[in-house]
Amino acid sequence: MVYSKKLSGAENRKRSHAKSEAQAKIISKTAKLQTYFRCPDRQPNQIENEVNNTSKIDHSCTVKEDNLSNPDDLILSNNSSTETSKTKLSTESKEINNTPTPCLSMHEDNSLLKKCIIPENDPANWMKNQETIDYLSINGFNQNLEYNNFHKSKRTYNRIIGGVRHTRFRYLSKSFFVSTLVNGEKIKRTFLVYSESKGSIFCAPCYLFGGTTSFATVGFSDWKKGEEKIKRHENSKNHKLCVIKMKERGEVLNRIDQKLKYQVETEISYWKNVLTRVVAVVKSLSSRGLSFRGDDDHFGSVHNGNFMMSLELIAQFDPFLAQHIEKFGNKGKGSTSYLSFNIYEQFISIMADKVLQQMVKEIKAAKYFSISIDSTPDISHVDQLSFIFRYVQNNGSPVERFLGFLPNSGHKSEELADAVFLVLESHGLDINNCRGQSYDNASNMSGMYTGLQARIKEVNPLATFVSCSAHSLNLVGECAVDCCRNASEFFNLLQNIYKFFSSSTHRWEILQNNLTKTENVSPKKLSDTRWSATSDASISLNKNWNEIINALSFIKNDKSEKSITKSEANGLYLKLDCLETAIMATLWGDILERFNKTSKQLQSVEIDLETVVCLYESLIQYVLDLRSMFDIYEERAINKSGHKTYQKIRKRKRKLTADEKREGEINFEIRDSLRINTYYAIIDNLHSELEKRKFYYDEANKKFNFLFQIIKLSPSEVYKKAEILQNIYTNDLSSSFANECIQFRSYLMSLTENIRPKTVMDICKLIRTEKLQELFPYVDIALRMYLCCPTSNCSAERSFSALKRVKSYLRSRMTDDRLNRLAILSIESILTMNMSFNEIISTFAKQNSRRKL
């Protein structure tokens, strides 16, 4: 066996170096392709330089002049010793006076190889052959407008006035090269070209493609009626046909790789159509928080997930996509189909980045913003901190945007503050532009001394804290429930009724059989987080009062039921079928119905602090009115329950001390005890809690309240309040703000009653729609700072619902980056669906381009 000797490292390097030198030598002797073929981006002087540079390289282009009828006679030689070819090429470079150097060209429509001479700038000297027409169609021509006075265009006109001949001279004007439309717009006449030798103008397309007018034959020089005749010529049918011919010829001959270009464009169009359908499916699924992948990634499988299922559904009505799936669907790795999971993951990333960039751009454009955050654990027990930003759009309406989740940020106020500053810094937002913050009533959030709001105020004192108005209203109801025993027992009864019927399908069927006679809804369960669920449960009980009592009565008297079931049904029946419970049901039904509708109004994004104060004030007055309506509720309860007497309650006597007597004790009747210790206790507790929470909203609203009462206040009061606000926001409002408010007050008073704005948002929109920012700039700034201040953190609570849909138990192992992208696309679904297909596909193409620069 013969073994080959292994070369040393030095020998390998020596051979590699010799190989590189040989390749470099060959490349240096090879001419560039662009030297011999025209490119539309090159100018004639560039072609001349390239031909001259080519002649200086140690290779030559030899043209056999014996017989040029055969294209094969064009020989590209790499022999550096051939000097004759250099001489011939340099001789052929100068043929017409000082015209640029000619270039060799091959045309697809010619079978013969011909020499193309670059035409002169003067159209009178153009040679009307195919090569000249091709060159001008591709590269265009010079209009020769660099002449300042057109002195050779001088024409003499004679006119006899009173028997005396007057001679006048007219010249070509540059205004003839511009057409003025009826609406005043000006368009250049690019088809005209000036001939210095004849002092006239030619229409280049008509001159090259066989026009018959003077513009195409001898040149036009009737300057007296120049504008009129030029318009008549450019509107003629023959002229327009010549222009179209020249344009089409230039497009056909514009590139030597026209067929390759067509092939590339066809490929681009094909794959763009495929990606458009893919992007449409990704947008639809992501905007609704649906999953993408299934158990497998094969077309035709029933377990391939929503993405492939949607493509298959579209393919049933789209022959193009059906053919593509049939051809490329299940080819596997190594085959390009743009239908794999990797592709839609890239689109998810691109779309989420674009939505996020748009939101950050809008926040920076609005300048002033507010923040609202809240946290909740997801399905995988990871604590997710939701970030909501509120700002005012260009149209004057406030909007709240979700910027993402931050995992495991901690629950201490110091950790939460670090998370807020980190998010602001990552998006390039300045904390000094923050004008408001809203959280729930947890101590780590709303703590006055060490809470998150206090730590942010240390950095930016102008970041006004407003506790969530909807959450505060829920706390008002919870405090009222816990204030007395009867109220607590009533809501406990609501929950027990739902549990009793829902824990057994047999009992639920008995209840439904009683409900079929009416249009009433089924019993509802209470919720620890949603106070609206309490309202729904109370309304359901009031509507189904008799039906629930009948169902309980049937179960407790049914001998086939278990004794424990009959005992439980009997206990619920006795508690429900009494006058006291009927009073509680009617009272809480009315209170919760008003509280629930007010809470929904407080959760609106477009609500402002003034509306919050008004809603709380209306609830306070409503509760005060209820205090004198005990007799009405008692009468309604008697009609509902059919009982006129109260249940007797066994009273336990309080033990007395050794020296104490019972002489001072007051024993109320059952009715008075219920009215005083239960009814009044609930009403008074609601009133005190509402007053306490309204006070904080009044304080936050006090600085700006003169803006929406500006018409009712006198000019002096407006001036004083404006000065106070300007002293608070010295870096945002100028000293002229007070004077500006006086004029703005006069402007509002000048408006008629039907178009006068009623709310703060209407005032802000009025300034934007009427474009009054320049007249009242600081009023606009003050309104923007006021409207960007949040009144609730309900948007953060809503993001948790999207979190449960996106990160479900089937997708519990999802990464945080993917969770954020899908959450942004789902929560901000309006922005997601408004994105352009072309923009997304273009970004995808740039990211996946494998071309090396």
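All values derive from a computational prediction rather than experimental measurement.

Trainee: How would you summarise the overall build of the chain if you had to cite specific residues and measurements?
Mentor: Along its length, the chain carries 32 helices and 15 strands. The 853 residues of the chain split such that 44% are buried. In the chain, of all internal contacts separated by at least 6 residues, the share reaching a separation of at least 24 is 66%.

Trainee: Please give an account of the sheet that holds strand E13 (residues 398-407) that cites residues and values.
Mentor: The five strands lie next to each other as E13-E12-E11-E14-E15, forming an open sheet whose pairing is mixed. Of all the strands in the sheet, just E13 and strand E15 (464-465) have a single pairing partner and so form its edges. Both strand E14 (residues 434-438) and E15 contribute to a ladder of two bridges, which runs parallel. When the sheet's bridge partners are listed, Gly-436 is paired in E15 with Thr-464.

Trainee: Can you explain the pairing of strand E5 (residues 155-161)? Please cite residues and give values.
Mentor: With seven bridges joining them, E5 and strand E6 (residues 164-170) adopt antiparallel strand pairing. Note that in E6 the partner of Ile-160 across the bridge is Arg-165. Following E5, the chain reverses through two residues before pairing antiparallel with E6; Gly-162 in that reversal takes a positive phi of roughly 65 degrees.

Trainee: Report on the state of the cysteines, specifying residues and quantitative values.
Mentor: Disulfide: a covalent bond connecting the sulfur atoms of a pair of cysteines. Inspection of every chain in the model, using the stated rule, returns zero disulfides. We note that Cys-242 lacks a disulfide partner, and the nearest cysteine sulfur, in Cys-206, lies 4.2 Å from it. Judged by its relative accessible area of 2%, Cys-242 is buried. Cys-483 forms no disulfide, and the closest cysteine sulfur to it belongs to Cys-484, at a distance of 4.0 Å. On the basis of relative accessible area, Cys-483 is assigned to the partly exposed category, the value being 30%.

Trainee: Outline the pattern of salt bridges, supporting the account with residue identities and numerical values.
Mentor: Considering all chains together, one arrives at 31 salt bridges under this definition. A salt bridge links Arg-756 to Glu-753; the shortest N-O distance between them is 3.4 Å. Taking the relative accessible area as the measure of exposure, Arg-756 reaches 19% and is therefore buried. Judged by its relative accessible area of 53%, Glu-753 is exposed. Sharing partners across several salt bridges, the network here consists of Arg-189, Glu-227 and Glu-234.

Trainee: Describe the packing of helix H22 (residues 609-626) against helix H24 (residues 670-701), naming the residues involved and giving the relevant values.
Mentor: One way to put it is that H22 packs onto H24 with a least axis distance of 9 Å and a crossing angle of 160 degrees. Here H22 lies roughly antiparallel to H24, going by the angle between them. Two packed elements cross with a definite hand, and for H22 against H24 that hand is left-handed. Between H22 and H24, the contacting residues are Leu-609, Glu-610, Val-612, Val-613, Tyr-616, Glu-617, Leu-619, Ile-620, Val-623, Leu-624 and Leu-626 on the first element and Tyr-679, Ile-683, Leu-686, His-687, Leu-690, Glu-691, Arg-693, Lys-694, Tyr-697, Asp-698, Ala-700 and Asn-701 on the second. Residues that form the contact of H22 with H24 fall into these classes: 15 nonpolar, two polar and six charged.

Trainee: Explain helix H12 (residues 413-426) to me, and be specific about the residues and the numbers.
Mentor: Residues spaced three or four apart along an α-helix face the same direction, because each turn holds 3.6 residues. Spanning 14 residues, H12 covers 20 Å between terminal C-alpha atoms, matching the ideal 20 Å at 1.5 Å per step. Residues of H12 that are buried: Ser-413, Leu-416, Ala-417, Ala-419, Val-420, Val-423 and Leu-424. Taken around the axis of H12, the buried residues stretch over an arc of 160 degrees, which confines them to a single face. Away from the buried face of H12 by more than 90 degrees, exposed residues Glu-425 and Ser-426 are located. Along its buried surface, H12 packs onto strand E11 (369-377), strand E12 (383-392), E13, helix H13 (443-446) and helix H14 (452-459). Of the residues flanking the end of H12, it is Gly-428, one or two places downstream, whose phi is positive at about 70 degrees.

Trainee: Which residues make up unusual backbone geometry, and what values go with them?
Mentor: In this model, Asn-144 sits at a positive phi of 60 degrees, which is unusual for a non-glycine residue. Topologically, Asn-144 is positioned in the loop between helix H4 (130-139) and E5. Of note in the backbone geometry, Tyr-338 takes a positive phi value of approximately 55 degrees without being a glycine. With respect to the element layout, Tyr-338 can be found in the loop between helix H10 (319-328) and helix H11 (341-366). Looking at Tyr-338, the relative accessible area reads 24%, which means it is partly exposed.

Trainee: I'd like a rundown of a nonpolar patch on the surface, residues and numbers included.
Mentor: On the surface, a nonpolar cluster with roughly 270 Å² of combined accessible area is contributed by Leu-260, Val-264 and Ile-268. Locating Ile-268 in the fold gives a position in helix H8 (residues 258-287).

Trainee: Describe the packing of helix H17 (residues 505-515) against helix H19 (residues 545-556), and please don't skip the residues or the numbers.
Mentor: Where H17 contacts H19, the two axes come as close as 9 Å, and the packing angle between them is 135 degrees. By the angle between their axes, H17 is oblique relative to H19. Between H17 and H19 lies a crossing of right-handed hand. Contacts from Arg-507, Ile-510, Leu-511, Asn-514 and Leu-515 of H17 reach H19 at Glu-547, Ile-548, Asn-550, Ala-551, Phe-554 and Ile-555. Residues belonging to the contact of H17 with H19 are distributed by class as follows: seven nonpolar, two polar and two charged.

Trainee: Outline a positive patch on the surface, supporting the account with residue identities and numerical values.
Mentor: A contiguous patch of positive charge on the surface is contributed by Arg-159, Arg-168, Lys-224 and Lys-225. Here Lys-224 is to be found in the loop between helix H5 (204-208) and helix H6 (226-234).

Trainee: Residue-level account of the confidence of the model for the chain, with values.
Mentor: Model confidence for the chain is summarised by a mean pLDDT of 82, while 85% of its residues fall at 70 or above. Low confidence marks residues 36-116, where pLDDT is under 50. Its contacts with residues over four positions away, or in another chain, come to 115 contacts.

Trainee: Let's hear about H24: which residues, and what values?
Mentor: Here H24 spans 45 Å end to end across 32 residues, near enough to the 46 Å set by a 1.5 Å rise per residue. Remark: the principal bend of H24, roughly 35 degrees, maps to Tyr-680.

Trainee: Account for the packing of aromatic side chains, naming residues and giving values.
Mentor: What describes a pair of aromatic rings is the distance from one ring centre to the other and the angle between the planes of the rings. Inspection of the entire model under this criterion finds 32 aromatic pairs. Arranged with centres 4.6 Å apart and planes meeting at 25 degrees, the rings of Phe-347 and Phe-844 form a pair that is stacked. Of this pair, Phe-347 sits in helix H11 while Phe-844 sits in helix H32 (residues 837-847), and the two are 497 residues apart along the sequence. For Phe-347, a relative accessible area of 0% translates into the label buried.

Trainee: Requested: an account of the side chain of Arg-189, with residues and values cited.
Mentor: By secondary structure assignment, the location of Arg-189 is in the loop between strand E8 (186-188) and strand E9 (192-195). A polar atom in the side chain of Arg-189 sits 3.2 Å from the side chain of Glu-234. In this view, Arg-189 contacts Gln-143, Ser-175, Phe-176, Phe-177, Val-178, Ser-179, Glu-227, Ile-230, Lys-231 and Glu-234; residues no more than four positions away in its chain are not counted.

Trainee: Lay out the environment of Phe-465 with the relevant residues and their values.
Mentor: Following the sequence through the fold, Phe-465 ends up in strand E15. Relative accessible area serves as the criterion here: at 17%, Phe-465 is assigned to the buried category. Beyond its immediate stretch of four places on either side in the chain, Phe-465 contacts Gln-437, Tyr-439, Ser-446, Gln-453 and Lys-457.

Trainee: Account for the side chain of Thr-843, naming residues and giving values.
Mentor: Tracing the sequence through the fold places Thr-843 in helix H32. Separated by 3.1 Å, the side chains of Thr-843 and Lys-354 make a polar contact. Apart from residues no more than four positions distant in its own chain, Thr-843 is found in contact with Ile-350 and Lys-354.

Trainee: Run through the pairing of E13, naming residues and quoting values.
Mentor: On a regular strand, one side chain projects to one face of the sheet and the next to the other, so that they alternate. Across the 10 residues that make up E13, a large majority, eight, are buried. Direction of pairing for E12 relative to E13: antiparallel, over a ladder of nine bridges. For Arg-390, the partnering residue across the bridge sits in E13 and is Glu-400.

Criteria and cut-off values
- What you see as residue numbers is a count from 1 along each chain, following the sequence as written.
- This being a predicted model, a pLDDT of at least 70 is required before a residue's local features are given, and a value of 80 or more before pairs of side-chain atoms are given or counted; all residues contribute to the totals for chains, interfaces and linings.
- Only hydrogens and water are removed before side-chain values are computed, so all heavy atoms of the structure are retained for them.
- Put simply, DSSP H or I for four residues or longer makes a helix, DSSP E for two residues or longer makes a strand, and each gets a number counted from the N terminus.
- Here the term buried applies to any residue with accessible area under 20% of the maximum for its type, exposed to any over 50%, and partly exposed to those in between, with areas from a 1.4 Å probe on protein chains only.
- By the convention used here, residues are in contact when the closest approach between their heavy atoms is within 4.5 Å.
- In short, DSSP must find at least two bridges between two strands for them to pair.
- Defined by distance alone, a disulfide is two cysteine sulfur atoms within 2.5 Å.
- Any Lys or Arg side-chain nitrogen found within 4 Å of a carboxyl oxygen on Asp or Glu counts as a salt bridge.
- To get an axis, a line is fitted to the C-alpha atoms, and for a helix only the part in contact is used. The angle between two axes follows their N-to-C directions and goes from 0 to 180 degrees.
- Roughly parallel covers angles under 35 degrees, roughly antiparallel covers those over 145, roughly perpendicular covers 65 to 115, and oblique covers all other angles.
- In a left-handed crossing the near helix is turned counterclockwise from the far helix by less than a right angle, and in a right-handed crossing that turn is clockwise.
- Each residue gets one label: Ala, Val, Leu, Ile, Met, Phe, Trp, Tyr, Cys and Pro are nonpolar, Asp, Glu, Lys and Arg are charged, and the others, such as Gly, are polar.
- Here a helix's expected span is defined as the number of its residues, less one, multiplied by 1.5 Å.
- Regarding the arc, it is the one traced by the directions from the helix axis to the C-beta atoms.
- A residue counts toward a patch only above 30% relative accessible area and without a salt bridge, and it is joined to like-charged neighbours within 9 Å or, for Val, Leu, Ile, Met, Phe, Trp and Tyr, to nonpolar neighbours within 5 Å.
- Methods summary: accessible areas were calculated by the Shrake-Rupley approach with a probe of 1.4 Å, and residue burial reflects only the protein chains presented.
- All tallies of charge rest on Lys and Arg as positive and Asp and Glu as negative; His and the ends of each chain are not included.
- Taken as the charge location is NZ of Lys, CZ of Arg, CG of Asp or CD of Glu.
- For every residue, the pLDDT score states the predictor's confidence, bounded by 0 at the bottom and 100 at the top.
- One axis fitted to the seven residues ending at a residue, another fitted to the seven starting there: the angle between these axes is the bend at that residue.
- Two aromatic rings from Phe, Tyr or Trp, using only the six-membered ring of Trp, form a pair when their centres are within 6.5 Å; if the ring planes differ by under 30 degrees the pair is stacked, by over 60 it is edge-to-face, and anything between is tilted.
- Two N or O atoms count as a polar contact when they lie within 3.5 Å, although within protein this holds only if one can serve as hydrogen donor and the other as acceptor, and sequence-adjacent residues are included solely when both atoms are side-chain atoms.

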